[in-house]
Each structure stands twice: as C-alpha cells, then as structure tokens.
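# Coordinate inspection notes
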Amino acid sequence: MSPRRNRPRGGESPTGNAPDAGSRYGGGGDTESWQGEEWSVRPVSGASAAGKRYRCPGCDQEIPSGVPHLVAWPEFGGIDDRRHWHKACWNAKDRRTTRVQRSRNAPRY
C-alpha cells in the first residue's frame, strides 16, 4: 500500500509561493463586483455546513445546519467580514431594498 498524497498533483502554482486572493479563505470560488467593490464568493456544501447555523443578510432568515449556501466577503476584508448567504438571496441582492422589512413578531438579531 502506498502512502496517502497530501498535495495535489501538478507541482507548484505558476505564480510562485504567493497564494492568490481567491484561495485566501479556502478557495474554490469566484470574484464578483457588487456596490463598487470586489467580493469573493465561495459555495459551501451541505456536508461542510453541518453543525452550524447562520443568518442570511439578504433575507434575515436562518440558514439551517446542513443546507448548501454561499460565503461572501469583500476582497480586501478580513475573516470577520465573511457573510453566509442563501444562493437565491445572493443572486437577488441587487433587486432587494436597502432595508429588510420584518413583521412585528419577527425576532431582531
């Protein structure tokens, strides 16, 4: 039996040792422009989201544990700037109003 490979095949990246901005917090995502700023967007599978619940800033509803969603953060923001969005909410972010309207009985988190 041969040992397990921990590195992807293919050698080093063509840019050298410096990681690109897309792989800074896990990679596998895209860069999109929104509100005059570049945002990194990365999909999160349902298996990766197990055990945690998040609140979507687009609809102010909870994203239950195990539900696939997106993580978005400003390109030059830090780890504290990451936000977890429903995919539909992220796609509709330009069509939403600037303020989320809640009912009287809705919790304010």
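In this text, all values refer to a predicted model and were calculated from it rather than measured experimentally.

## Concerning unusual backbone geometry
Positive phi outside glycine occurs at Asp60, with the angle close to 60°. Tracing the backbone shows Asp60 in the loop between strand E3 (54-55) and strand E4 (62-63). Classification of Asp60 by relative accessible area gives buried; the value is 13%.

## Structural notes on the nonpolar core
Counting 11 residues, the largest nonpolar core consists of Trp34, Trp39, Val41, Cys56, Cys59, Ile63, Leu70, Ala72, Trp85, Cys89 and Trp90. Elements represented by at least two residues in this core include exactly strand E2 (37-44), strand E5 (69-74) and helix H1 (87-91).

## So, the layout of surface pockets
Counted as a void, the second largest pocket has a volume near 150 Å³. Arg42, Val44, Ser48, Ala49, Ala50, Lys52, Tyr54, Val71, Arg82 and His84 are the residues that line the second largest pocket. A class-by-class count of the residues in the lining of the second largest pocket yields 5 nonpolar, 2 polar and 3 charged.

## Structural notes on the pairing of E2
Summarising the sheet, strand E1 (residues 30-34) and E2 pair through 5 bridges and their orientation is antiparallel. Across the sheet, Glu32 pairs through a bridge with Trp39, a residue of E2. Hairpin geometry of E1 and E2 is characterised by an intervening segment of 2 residues between the two adjacent antiparallel strands and by a positive phi of about 55° at Gln35. Across 6 bridges, E2 lies against E5 in antiparallel orientation.

## Points about the confidence of the model for the chain
Summary statistics for the chain give a mean pLDDT of 75 and a share of 64% for residues scoring 70 or more. Scored below 50 in pLDDT, residues 15-25 shows 13 contacts in the model against residues more than four places distant or in partner chains.

## A closer look at the sheet that holds E1
Spatially, 4 strands are ordered E1-E2-E5-E6 in an open sheet, and the strand pairing comes out antiparallel. Of all the strands in the sheet, just E1 and strand E6 (83-85) have a single pairing partner and so form its edges. With strand direction ignored, the average angle separating the axes of adjacent strands in the sheet is 35°.

## Focus on the packing of aromatic side chains
For the structure on display, the rule yields 2 aromatic pairs. When the centroid spacing of 5.2 Å and the interplanar angle of 80° are considered together, the rings of Trp85 and Trp90 count as edge-to-face. Taking relative accessible area as the criterion, Trp90 reaches 1% and is therefore assigned buried. Ring pairing ties together the aromatic residues Trp39, Trp85 and Trp90, which thus form one cluster. Over the aromatic face of Trp90 sits the side chain of Lys93, whose NZ or CZ is 4.1 Å from the ring centroid.

Rules and cut-offs
Residues numbered from 1 in each chain as written. Predicted model: local features only at pLDDT ≥ 70, side-chain atom pairs only at ≥ 80, totals over all residues. Heavy atoms only, no water. Helix = DSSP H or I, 4+ residues; strand = E, 2+ residues; numbered from the N terminus. Buried < 20%, exposed > 50% of the residue type's maximum accessible area, 1.4 Å probe, protein only. Core = buried A, V, L, I, M, F, W, Y, C linked by side-chain atoms within 4.5 Å. 1 Å grid on protein atoms, 1.4 Å probe; cavity = no way out; pocket = protein on both sides within 12 Å on 5 of 7 lines; lining within 4 Å. Points joined across faces, edges and corners; volume = space filled by probe spheres on them. Nonpolar A, V, L, I, M, F, W, Y, C, P; charged D, E, K, R; others polar. Pairing = 2+ DSSP bridges. pLDDT = per-residue confidence, 0-100. Contact = heavy atoms within 4.5 Å. Axes fitted to C-alpha atoms, helices over the stretch in contact; angles between N-to-C directions. Phe/Tyr/Trp six-rings, centres within 6.5 Å; stacked < 30°, edge-to-face > 60°. Lys NZ or Arg CZ within 6 Å of the ring centre and 35° of its normal.

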